[in-house]
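The primary structure of each chain is shown beneath.
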Amino acid sequence: ATEPASDPSPSPTADAVKACTTANVEVVPVTDKESYGGGEFPQLSMTLTNDGDKPCLINVGTATQSFTITSGSDTWWRSTDCQTEPSDQVVQLEAHQTVSSVTPISWDRTRSAVDTCGGPRPLAPSGYFHLSVSIGGIDSSDSAVFVLG
């Protein structure tokens, strides 16, 4: 038996979907409220919008997500400081599509650092805080401001 002849010149395929970039995707930090009373934990999430005219690919897994809370020049908390089992999940974001985080992250109002993951951590004081996010290497251009009471 002979093998079927293979076509030496494959037919041209549609343009391959490229990776999302800061040029075509906007990342926006989201909090469930603008102000939190004592004991209320801010729920942190983000939205991604493909502002481009073509679909693009982005890794939306926890391995590429970062949530950062600051107050002034002081970084209070980072989702990556004590992250366990980061995962990858590459998705195709269609042109002009907006997607949101499926499950918000609850911030327990404590300071984080990689060396304090298992121990006690100081509680954040009352005041104004900023949430910045990053996903798939794309940073949010603005932060979301919220108040802790």
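The structure reproduced in this document is the subject of the present report.

What counts and what doesn't
- Residues numbered from 1 in each chain as written.
- Predicted model: local features only at pLDDT ≥ 70, side-chain atom pairs only at ≥ 80, totals over all residues.
- Heavy atoms only, no water.
- Helix = DSSP H or I, 4+ residues; strand = E, 2+ residues; numbered from the N terminus.
- Buried < 20%, exposed > 50% of the residue type's maximum accessible area, 1.4 Å probe, protein only.
- Contact = heavy atoms within 4.5 Å.
- Salt bridge = Lys/Arg side-chain N within 4 Å of Asp/Glu carboxyl O.
- Core = buried A, V, L, I, M, F, W, Y, C linked by side-chain atoms within 4.5 Å.
- Phe/Tyr/Trp six-rings, centres within 6.5 Å; stacked < 30°, edge-to-face > 60°.
- Lys NZ or Arg CZ within 6 Å of the ring centre and 35° of its normal.

1. As for the overall build of the protein chain
When its secondary structure is counted, the protein chain shows 0 helices and 13 strands. Counting from the amino terminus, the protein chain carries its helices and strands in the arrangement β-β-β-β-β-β-β-β-β-β-β-β-β. Classification of the 149 residues of the protein chain by burial places 32% in the buried group. Contacts in the protein chain between residues at least 24 apart in sequence constitute 70% of all its contacts with a sequence separation of at least 6.

2. Some details on the pattern of salt bridges
This structure, assessed with the given rule, holds 4 salt bridges. As a salt-bridge pair, aspartate 74 and arginine 111 come within 2.8 Å of each other at their nearest N and O atoms. You can see aspartate 74 sitting in strand E7 (residues 74-78) and its partner arginine 111 sitting in the loop between strand E10 (105-106) and strand E11 (127-135), a full 37 residues away along the chain. Overall, arginine 111 belongs to the partly exposed group, its relative accessible area being 26%. A salt bridge links arginine 121 to aspartate 108; the shortest N-O distance between them is 3.3 Å. Here arginine 121 is found in the loop between E10 and E11, whereas its partner aspartate 108 is found in the loop between E10 and E11, with 13 residues between them in sequence. Given a relative accessible area of 29%, aspartate 108 falls into the partly exposed group.

3. Describing the nonpolar core
Formed by 25 residues in total, the largest nonpolar core has its most connected members in Ile69 and Trp107. At 4 residues, the largest contribution of residues to this core is made by E11.

4. As for the packing of aromatic side chains
One pass over the structure, following the stated rule, counts 6 aromatic pairs. Residues tryptophan 76 and phenylalanine 129 carry aromatic rings whose centres are separated by 6.4 Å and whose planes lie at 75° to one another, so their mutual orientation is edge-to-face. In this pair, tryptophan 76 sits in strand E7 while phenylalanine 129 sits in strand E11, placing the two residues 53 residues apart along the sequence. Counting every residue linked through ring pairs, the aromatic cluster contains Tyr36, Trp76, Trp77, Trp107, Phe129 and Phe146. Its guanidinium or amino end placed over the ring of tryptophan 76, arginine 111 lies 3.9 Å from that ring's centre, counting from NZ or CZ.

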